[in-house]
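Here is how the chains run, residue by residue.
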Amino acid sequence: MNQNGMNYIPALKHNWLTPLYDPLIHWFESAFKPQLVKQAKIASGHRVLDLGCGTATLTLLIKQTQPDAAVVGLDGDPNILEIAKAKAAKAGLLITLDQGMSFDLPYPDNSFDRVLSSLVFHHLTRENKIRTLKEVFRVLTPNGELHIADWGKAQNALMRMAFLPVQMLDGFRTTADNVKGLLPGLLSTAEFEDIQQTVHYSTLLGTLTLLQARKPVSSNKKS
Ligand SMILES: C[S@@+](CC[C@H](N)C(=O)[O-])C[C@H]1O[C@@H](n2cnc3c(N)ncnc32)[C@H](O)[C@@H]1O
């Protein structure tokens, strides 16, 4: 648990800042969320989980892009889910929004063809990153894919400096693995295959990286 007694870090660290999340992030999310959805190649009939959905911008984009997919957003924060529910109602789109923790997913094994996650892993300690990846592995179908957008290894000294404000807001403990470029190795630890970093964006807040990985058709793990 963090100092606020919660086992998740809210979108902008403090609950009172949550209503500002969408206006603040709008300037840059449109640069990478459509690309994340595109690379996931979501097909008709797919079951898709948006892990750490926040205000559900990505969740709704998935549903708009592939209306014949069953789309679920999950987040630990009940406050941000209220914003997400209002946005879904306003958009008139049928998505499911669940409260739950990324490292203890409330879904059976093999539930989803795709799991997408945007700007969540830098909120997790290394232990919770690994627990989360193992949970994602469990709920994915064999051959199912995980697609992540999050802060990645700084591509140069300027990008490393630019990332400091994010670290000061979200904490050095949870962000260090991202900026050191350790996410691909953690995916490998969780037995994912075909791990690729597909795009690096240079942003005002550092290097943002898109990744993809696949659950093998047969694995030694219980699935
Ligand atoms: C920076 S926001 C990103 C929200 C959204 N995915 C986006 O791209 O706009 C991080 C979100 O992850 C959620 N979160 C953090 N840790 C979590 C966990 N362990 N389980 C579920 N949600 C978590 C927070 O509540 C927050 O909504």
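For every chain, the first residue of the written sequence is number 1, and numbering continues from 1 along that sequence. Local features are withheld for residues below a pLDDT of 70 in this predicted model, meaning they are given only at 70 or higher, and side-chain atom pairs are given and counted only at 80 or more; totals for whole chains, interfaces and linings count all residues. Heavy atoms from the whole structure form the basis of all side-chain values; hydrogens and water molecules are not counted.

K.L.:
Give me helix 1 (residues 21-40): which residues, what numbers.
P.N.:
Note that an α-helix has 3.6 residues per turn; residues three or four places apart therefore point the same way. For the purposes of this entry, the term helix denotes a DSSP run of H or I that reaches at least four residues, the term strand denotes a run of E that reaches at least two, and both are numbered from the N terminus. Under the convention used throughout, the expected extent of a helix is 1.5 Å for every residue step, that is, one less than its residue count. An ideal rise of 1.5 Å per residue puts 28 Å on 20 residues; helix 1 reaches only 25 Å between its terminal C-alpha atoms. Using a 1.4 Å probe on the protein chains alone, a residue whose accessible area is under 20% of its type maximum counts as buried, one over 50% counts as exposed, and one in between counts as partly exposed. The complete set of buried residues in helix 1 reads Tyr 21, Asp 22, Ile 25, Phe 28, Glu 29, Phe 32, Lys 33, Leu 36, Val 37, Gln 39 and Ala 40. Contact definition: two residues touch when any of their heavy atoms are within 4.5 Å. Contacts made by the buried residues of helix 1 are with helix 2 (57-65), helix 3 (78-91), strand 4 (112-118), strand 5 (140-151), strand 6 (193-203) and strand 7 (206-214). Remark: Lys 41 follows helix 1 within two positions and exhibits a positive phi of approximately 45°.

K.L.:
An account of the packing of aromatic side chains is requested, with residue identities and associated values reported.
P.N.:
Classification of ring pairs rests on two measures: the distance between centres of Phe, Tyr or Trp rings, Trp counted by its six-membered ring, which must be within 6.5 Å, and the angle between planes, read as stacked under 30 degrees, edge-to-face over 60 and tilted in between. In total, this model carries 5 aromatic pairs according to the counting rule given. With 5.3 Å between their ring centres and 80° between their planes, Phe 137 and Phe 192 make a pair best called edge-to-face. You can see Phe 137 sitting in helix 4 (residues 126-139) and its partner Phe 192 sitting in the loop between helix 8 (183-189) and strand 6, a full 55 residues away along the chain. Put simply, the rings of Phe 28, Phe 32, Trp 151 and Phe 163 touch in pairs and so form one group of aromatic residues.

K.L.:
A description of the environment of Pro 216 should follow, citing residues and the corresponding values.
P.N.:
Looking at the secondary structure, you find Pro 216 in the segment after strand 7. Residue classification places Pro 216 among the buried residues on the basis of a relative accessible area of 7%. Taking C-alpha positions, Pro 216 is 5.3 Å from Asn 143, a pair spaced 73 residues apart along the chain. Among all residues touching Pro 216, those that are not within four sequence positions of it are Phe 137, Pro 142, Asn 143, Glu 191 and Glu 193.

K.L.:
Can you tell me about the sheet that holds strand 7, naming the residues and giving the values?
P.N.:
Paired strands, as defined in this entry, are two strands with at least two bridges between them according to DSSP. Ordered by their spatial adjacency, 7 strands build an open sheet running 3-2-1-4-5-7-6, and the pairing between neighbours is mixed. Of all the strands in the sheet, the pair left with one neighbour each is strand 3 (96-99) and strand 6. In this sheet, neighbouring strand axes are inclined to one another by 15° on average, regardless of whether the strands run parallel or antiparallel. As defined by bridge partners, strand 1 (residues 47-51) adjoins strand 2 (residues 70-75) across 5 bridges and the pair is classed as parallel. Directly across from Arg 47, in strand 2, lies its bridge partner Ala 70. Between N-to-C directions, angles span 0 to 180 degrees; the directions come from axes that are lines fitted to C-alpha atoms, helices contributing only their stretch in contact. The strands touched by helix 2 are strand 1, strand 2 and strand 4; relative to strand 2, the strand with the most contacts, the crossing angle is about 175°.

K.L.:
Tell me what's going on with the site of the ligand, and back it up with residues and numbers.
P.N.:
Whether a residue is near a molecule or strand depends on its heavy atoms: it is near if one of them lies within 4 Å of it. In the vicinity of the ligand, 21 residues are found, and the nearest of them are Tyr 21, Lys 33, Gly 52, Asp 75 and Ser 118. In protein, a polar contact means a hydrogen-donor-capable atom and an acceptor-capable atom, both N or O and within 3.5 Å, with residues adjacent in sequence counting only if both atoms are side-chain atoms; elsewhere, any N or O pair within 3.5 Å suffices. Here Gly 76 contributes a backbone N or O atom positioned 3.1 Å from a nitrogen atom of the ligand. Ser 118 is positioned with one of its side-chain polar atoms (N or O) 2.6 Å from an oxygen atom of the ligand. Per-residue and other accessible areas were derived by the Shrake-Rupley procedure at a 1.4 Å probe size, with only the shown protein chains allowed to occlude residues. When the ligand sits alone it has 600 Å² of accessible area, and the protein chains cover 99% of it. In this classification, the charged set is Asp, Glu, Lys and Arg, the nonpolar set is Ala, Val, Leu, Ile, Met, Phe, Trp, Tyr, Cys and Pro, and all remaining amino acids, among them Gly, are polar. Here the residues of the shell around the ligand are counted per class, giving 11 nonpolar, 7 polar and 3 charged.

K.L.:
If you had to explain the side chain of His 122 to someone new, which residues and values would you point to?
P.N.:
Position of His 122 relative to the elements: it lies in the loop between strand 4 and helix 4. For His 122, a relative accessible area of 3% gives the class buried. Separated by 2.9 Å, the side chains of His 122 and Asp 170 make a polar contact. Those residues within four positions of His 122 in sequence are excluded, and the remaining contacts are Asp 150, Trp 151, Val 166, Asp 170, Thr 174, Thr 175 and Asn 178.

K.L.:
Give a detailed account of the environment of Ala 11, specifying residues and quantitative values.
P.N.:
Within the secondary structure, Ala 11 is located in the segment before helix 1. Between the C-alpha atom of Ala 11 and that of Asp 177, which follows or precedes it by 166 residues, the distance is 18 Å.

K.L.:
Tell me what's going on with the pattern of salt bridges, and back it up with residues and numbers.
P.N.:
Any two side chains of opposite charge can pair, so long as their charged atoms come close to each other. Should a side-chain nitrogen of Lys or Arg be within 4 Å of a carboxyl oxygen of Asp or Glu, the pair is scored as a salt bridge. Going through the model one piece at a time under the given rule, you end up with 10 salt bridges. The salt bridge partner of Arg 214 is Glu 193, with a shortest N-O separation of 3.5 Å. On the criterion of sequence distance, the pair formed by Arg 214 in strand 7 and Glu 193 in strand 6 is long-range, its members being 21 residues apart. Judged by relative accessible area, which is 17%, Arg 214 ranks as buried. Linked through salt bridges whose partners overlap, the residues forming this network are Asp 109, Glu 135 and Arg 138.

K.L.:
Describe unusual backbone geometry, listing the residues and the values that go with them.
P.N.:
With phi around 45°, Lys 41 is a residue other than glycine that occupies positive phi space. Among the secondary structure elements, Lys 41 is positioned in the loop between helix 1 and strand 1. Look at Lys 41 and you get exposed, because its relative accessible area is 64%. One non-glycine residue, Glu 191, lies in the positive phi region at around 75°. Locating Glu 191 in the fold gives a position in the loop between helix 8 and strand 6.

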